[in-house]
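Analysis of the macromolecular model
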Amino acid sequence: MRHLLSAADLTHDDITSLLNVAEEMHEVQRRPIKKIPALRGRTIVNIFFEDSTRTRSSFEIAGKWMSADTINVSAKGSSVSKGESLRDTMMTLDAMGVDCFVIRHNSSGAVAQAAGWVNAHVVNAGDGQHEHPTQALLDAYTMRQHFRDAKVADTFRGKRIAIVGDLLHSRVVRSNVLLQRTLGGLVTLVAPPTLMPTGVEHWGVATTHDFDSVLADADVVMMLRVQRERMSGGFFPTAREYAHEYGLTAQRLAHLKPSAAILHPGPMNRGVEISSEAADAASSRVLNQVSAGVAVRMSVLYHLLGGEGAA
Amino acid sequence: MSLLISGVRLADGTVTDVAVHEGLIVPVSDLPADAERVDGDGLLALPGLVDLHTHLREPGREDAETVASGTRAAARGGFTAVFAMPNLTPATDTGEAVAYLNELAARDAHCEVVPIGAVTKGRDGTELAELGMMAAQGVTVFSDDGACIHDSLIMRRALTYLKPFGGVVAQHAQDPRLAGPSACCHESEISGRLGLPGWPTVAESTIIARDVQLAEFTGGRYHACHISTAESVEVIRWAKKRGIDVTAEVTPHHLLLDTPHVEGYDTTFKVNPPLRTSEHIEALREALADGTIDVVGTDHAPHARQDKDHPFDVASPGMLGLEQALGVVIDVMVNTGRMDWATLVERMSAAPARIGRLPHQGRQIAVGEPANLVLVDPTRRATVDRAASASRSRNNPYHGIDLPDPVELTLWRGAVTYRR
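Residues numbered from 1 in each chain as written. Chains lettered and ligands numbered in written order. Predicted model: local features only at pLDDT ≥ 70, side-chain atom pairs only at ≥ 80, totals over all residues.

From N to C terminus, chain B includes twelve helices and 20 strands. Expressed along its principal axes, the backbone C-alpha trace of chain B runs to roughly 65 × 45 × 45 Å. Classification of the 420 residues of chain B by burial places 61% in the buried group. Of the contacts formed within chain B by residues at least 6 apart in sequence, a portion of 75% connects residues at least 24 apart. (Helix = DSSP H or I, 4+ residues; strand = E, 2+ residues; numbered from the N terminus. Buried ≥ 20, exposed ≤ 12 C-beta atoms within 10 Å, placed from the backbone. Contact = placed C-beta atoms within 7 Å.)

Here you go:
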């Protein structure tokens with residue numbers, strides 16, 4: 001693998017390998033001394049054009065535990081306003097001899113554009129409203145662990161996955177849909193019509209505006225954050241009404257199968273898209289997702305950098 | 001200079017000799033003996049093309065284009081007149097700014113340059129600019145292009161106030177609420193998949209629907225710039241049927257290039273309004289053929305590399321057009337049998353000259369007429385190379401594709417402004 005830009009670029013074998021290596025990395029994570037020499041001498045630059053706490057620290061920890069030199073560059077504020085083009089920003093850092101860029105950008109497509117301008121490997125850590133492939137991988141990892149813990153088949157084929165929330169503005173949903181297209185999960189997207197992406201009928205997934213209709217059959221319910229500023233955009237009237245129609249309330253929680261997993265990529269808006277009862281339920285895997293995030297990102301970095309002339 | 005083009009075909013099919021002397025088309029017998037001779041066999045002589053919609057970038061962004069480089073590109077494309085949009089720095093919103101542009105043109109231009117005046121001060125859509133004082137400097141077309149005149153009352157006032165001057169309001173139709181500043185991709189399956197902010201067709205057509213009713217109500221003259229959607233075509237068709245004084249324009253790129261071009265996030269293909277899907281392209285071609293759309297305007301929009309090397313949603317919108325406009329129209333309209341040469345001349349020369357009130361442009365090729373003409377080889381084709389452009393910019397969306405490359409010679413006021 002040269003870059004990880006889109007979940008669509010991964011074959012079934014790629015995903016299996018990424019998840020299996022992530023499992024080994026998860027073992028490292030449980031050791032008292034969490035350091036392996038796999039990426040010693042390699043330099044990883046996390047360049048975040050948009051604020052992020054969990055994704056950036058997750059990548060940083062992943063790199064450090066594999067002994068890479070990781071550097072964080074905060075490039076918040078568009079390069080336009082600084083008078084430097086994205087191309088110049090990327091080529092400048094690339095000229096320092098970086099091995100891998102982990103890039104988060106608030107513009108869709110910007111990470112793919114950046115990959116075209118540099119020699120280093122590039123990992124997409126989220127581009128605008130487009131994709132967030134490592135999130136989809138860590139979600140898949142979390143689901144697989146959950147299937148095992150629930151003593152059901154640990155394959156995705158035929159599993160019913162409901163993704164609920166602000167789908168229009170979400171990069172998480174696009175990467176999950178693409179990854180599950182390869183893995184065979186049956187995705188149903190749930191949102192008010194105003195938050196459904198244009199052309200979603202071409203995505204090869206089911207859609208509904210009726211959250212209640214999917215509760216009984218769901219193996220996984222993934223709740224996506226709804227930003228309060230969407231109200232001023234006229235996407236829905238109030239947080240109260242949103243919670244009533246599309247929130248995972250205590251009442252809806254009671255209609256889920258006991259074996260159904262609850263996922264949320266965070267940060268959570270408790271009381272809006274997810275109730276505290278659901279967020280803290282025994283079937284909630286939200287913190288497992290965070291923990292899986294480090295292991296999956298170690299695996300991604302290892303797949304990109306581990307093979308080539310490692311020190 | 002004197003020139004004899006022998007045995008050349010005109011748009012109506014007749015074959016003739018065209019003699020040019022001292023800026024005019026003259027009888028062959030009036031030519032001096034040393035006149036240069038050009039063999040017109042197999043070539044077409046057309047009136048010089050007129051572009052109602054050009055961005056020359058001077059003053060303000062001379063690194064992207066100048067009057068000299070932009071009009072050289074115009075001459076290369078067969079144009080003998082271009083209307084220069086006022087989104088300059090400073091904006092063309094006073095008589096003085098118009099006079100300055102006229103001076104620049106007199107010094108540097110390779111074709112006639114007619115400044116377009118802003119409708120509102122600073123093109124910000126709130127207060128009328130000094131329309132009368134610009135009209136006194138020769139301005140006939142007024143536009144805030146790049147920005148929509150969104151306020152209904154301002155549009156009403158502009159249409160009414162300009163009546164004694166015979167000016168036309170050329171609208172960039174984009175409802176700023178339905179398609180805000182970040183809108184950059186035709187709202188469709190592709191915008192949804194790419195995660196790019198959608199630019200819905202109705203953001204254009206609903207503004208035009210309002211405007212044509214205001215044009216009817218006021219009796220003012222209205223021109224819809226760069227229409228890109230089937231819905232807008234339907235509105236214009238309805239307005240014309242009612243006898244409202246409206247005209248419409250389509251760009252070469254909206255006639256040829258479709259939305260999937262943006263799938264690689266190549267900002268060369270970012271343009272406003274955005275590239276649309278095939279059903280809209282088909283509606284635009286049909287409307288250009290049947291006259292619902294009056295003119296092809298290039299919306300030639302040069303941008304320096306540093307303004308394009310950004311993420312898609314923030315990169316500058318716009319693409320070059322002057323050099324390939326004729327080739328595109330020949331390929332999609334003439335070579336497909338949808339339009340004859342006489343209609344092409346009407347859409348690319350006569351109608352834009354009429355809308356812009358340029359009496360000496362867009363005229364037939366006949367003795368006594370000004371020698372503004374272009375000599376065309378209708379069979380010649382070439383692969384477009386952006387590096388070969390006369391423009392200072394390289395945001396050419398046709399790079400690498402095979403198109404007609406028809407222009408052999410351009411004459412403006414009897415002087416050669418381009419020769420292959």
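Here the narrative resumes, following the displayed structure.
Turning our attention to the environment of B:Thr201. Residues and elements named next belong to chain B. Mapped onto the secondary structure, threonine 201 falls in the loop between strand 12 (198-199) and helix 6 (202-218). On the basis of neighbour counts, which here come to 23 C-beta atoms within 10 Å, the residue threonine 201 falls in the buried class. Beyond its immediate chain neighbours, meaning those up to four positions away, threonine 201 contacts Thr229 and Glu231.

Okay, the nonpolar core next. If you look at the biggest cluster of nonpolar residues, it comprises 229 residues, and the most contacted ones within it are A:Val164, A:Val221, A:Leu301 and B:Ala45. For this core, the leading source of residues is helix 12 (residues 286-305) of chain A, giving eleven residues. With residues up to four places along the chain from it excluded, the contact list for A:Val221 reads A:Ala162, A:Val164, A:Leu248, A:Leu256, A:Ala260 and A:Ile262. (Core = buried A, V, L, I, M, F, W, Y, C linked by C-beta atoms within 7 Å.)

Bringing the UniProt feature "binding site: substrate" (unreviewed entry) in chain B into the picture now. All names here are of chain B. Per the UniProt annotation, the sites labelled "binding site: substrate" (unreviewed entry) are His55, Leu56, Arg57, Asn87, Asn272, His303, Pro317 and Gly318. Its location among the elements puts arginine 57 in the loop between strand 6 (49-54) and helix 1 (67-76). Here arginine 57 is in contact with Glu62, Ala64, Glu65, Thr66 and Pro302, once residues within four sequence places are set aside. For glycine 318, the position within the fold is in the loop between helix 10 (305-308) and helix 11 (325-334). Among the residues examined, glycine 318 registers 24 C-beta atoms within 10 Å and is labelled buried. (UniProt positions renumbered as here; feature names shortened; annotations may be inferred.)

Glancing now at the interface of chain A and chain B. Listed by partner, the interface residues are 23 residues for chain A and 18 residues for chain B. Contributing elements (two or more residues each) for the side of chain A that touches chain B: helix 3 (79-82), helix 4 (86-94), helix 5 (110-115) and helix 7 (171-183) of chain A. For the side of chain A that touches chain B, the leading source of residues is helix 5 of chain A, giving three residues. By residue class, the composition of the side of chain A that touches chain B is six nonpolar, 14 polar and three charged. (Nonpolar A, V, L, I, M, F, W, Y, C, P; charged D, E, K, R; others polar.)

Okay, the sheet that holds strand 7 (residues 79-84) of chain B next. Residue and element names in this part refer to chain B. Strand order in the open sheet formed by three strands is 6-7-8, with parallel pairing between adjacent strands. If you trace the sheet from one side to the other, it starts and ends with strand 6 and strand 8 (112-115), each paired once. Adjacent strand axes in the sheet meet at a mean angle of 20° when their direction is disregarded. One ladder, built from four bridges, connects strand 6 with strand 7; its direction is parallel. Residue threonine 54 lies in a different strand from strand 7, and its bridge partner there is alanine 84. (Pairing = 2+ DSSP bridges. Axes fitted to C-alpha atoms, helices over the stretch in contact; angles between N-to-C directions.)

The next thing to look at is helix 9 (residues 278-290) of chain B. Given 3.6 residues to a turn, an α-helix orients residues that are three or four positions apart in the same direction. All names here are of chain B. End to end, helix 9 covers 18 Å across 13 residues, agreeing with the expected 18 Å (1.5 Å per residue, within 8%). Those residues of helix 9 that fall on the buried side of the exposure criterion are His280, Ile281, Ala283, Leu284, Arg285, Ala287 and Leu288. Among the structural elements, helix 7 (230-241), strand 14 (246-250), helix 8 (252-256), helix 11 and helix 12 (341-355) are those in contact with the buried residues of helix 9. Looking one or two places after helix 9, you find glycine 291, whose phi comes out positive at around 90°. (Expected span 1.5 Å × (residues − 1).)

Let us now look at the pairing of strand 2 (residues 15-21) of chain B. For a regular strand, side-chain orientation follows a simple rule: the groups alternate between the two sheet faces. Residues and elements named next belong to chain B. Pairing of strand 1 (residues 2-10) with strand 2 involves six bridges; the strand directions are antiparallel. Following the sheet pairing, serine 2 is matched in strand 2 by histidine 21. Between strand 1 and strand 2, which pair antiparallel and follow one another directly, the connecting turn spans four residues, one of which, glycine 13, has a positive phi of 100°. Bridging between strand 2 and strand 3 (residues 24-26) involves three bridges; their strand directions are antiparallel. Looking across to strand 3, one finds that alanine 19 is bridged to valine 26. In this structure, the hairpin formed by strand 2 and strand 3 is closed by a connection of two residues, where glutamate 22 is found at a positive phi of approximately 50°.

This paragraph deals with the environment of B:Arg338. Residue and element names in this part refer to chain B. Within the fold, arginine 338 resides in the loop between helix 11 and helix 12. Using a count of 14 C-beta atoms within 10 Å as the deciding quantity, one classes arginine 338 as partly exposed. Along the backbone, arginine 338 and leucine 288 are 50 residues apart, and their C-alpha atoms lie at a distance of 9.2 Å. Apart from residues no more than four positions distant in its own chain, arginine 338 is found in contact with Arg285, Ala289 and Met333.

All names here are of chain A. In space, the five strands of this open sheet follow the order 8-7-6-9-10, with parallel pairing throughout. Pairing within the sheet leaves two strands with one partner each, and these edge strands are strand 8 (206-208) and strand 10 (261-263). Across the sheet, the axes of successive neighbouring strands diverge by a mean angle of 20°, strand direction being ignored. For strand 6 (residues 160-164) and strand 9 (residues 220-223), the ladder comprises four bridges, and the chain directions are parallel. Paired with alanine 162 across the two strands is valine 221, which belongs to strand 9.

Okay, the UniProt feature "active site" (unreviewed entry) in chain B next. Residue and element names in this part refer to chain B. The positions that UniProt labels "active site" (unreviewed entry) are, in the present scheme, Asp299. Looking at the secondary structure, you find aspartate 299 in the loop between strand 15 (295-296) and helix 10. Once you skip the residues sitting within four places of it in the chain, aspartate 299 turns out to touch His53, His226, Thr251 and Gly321.

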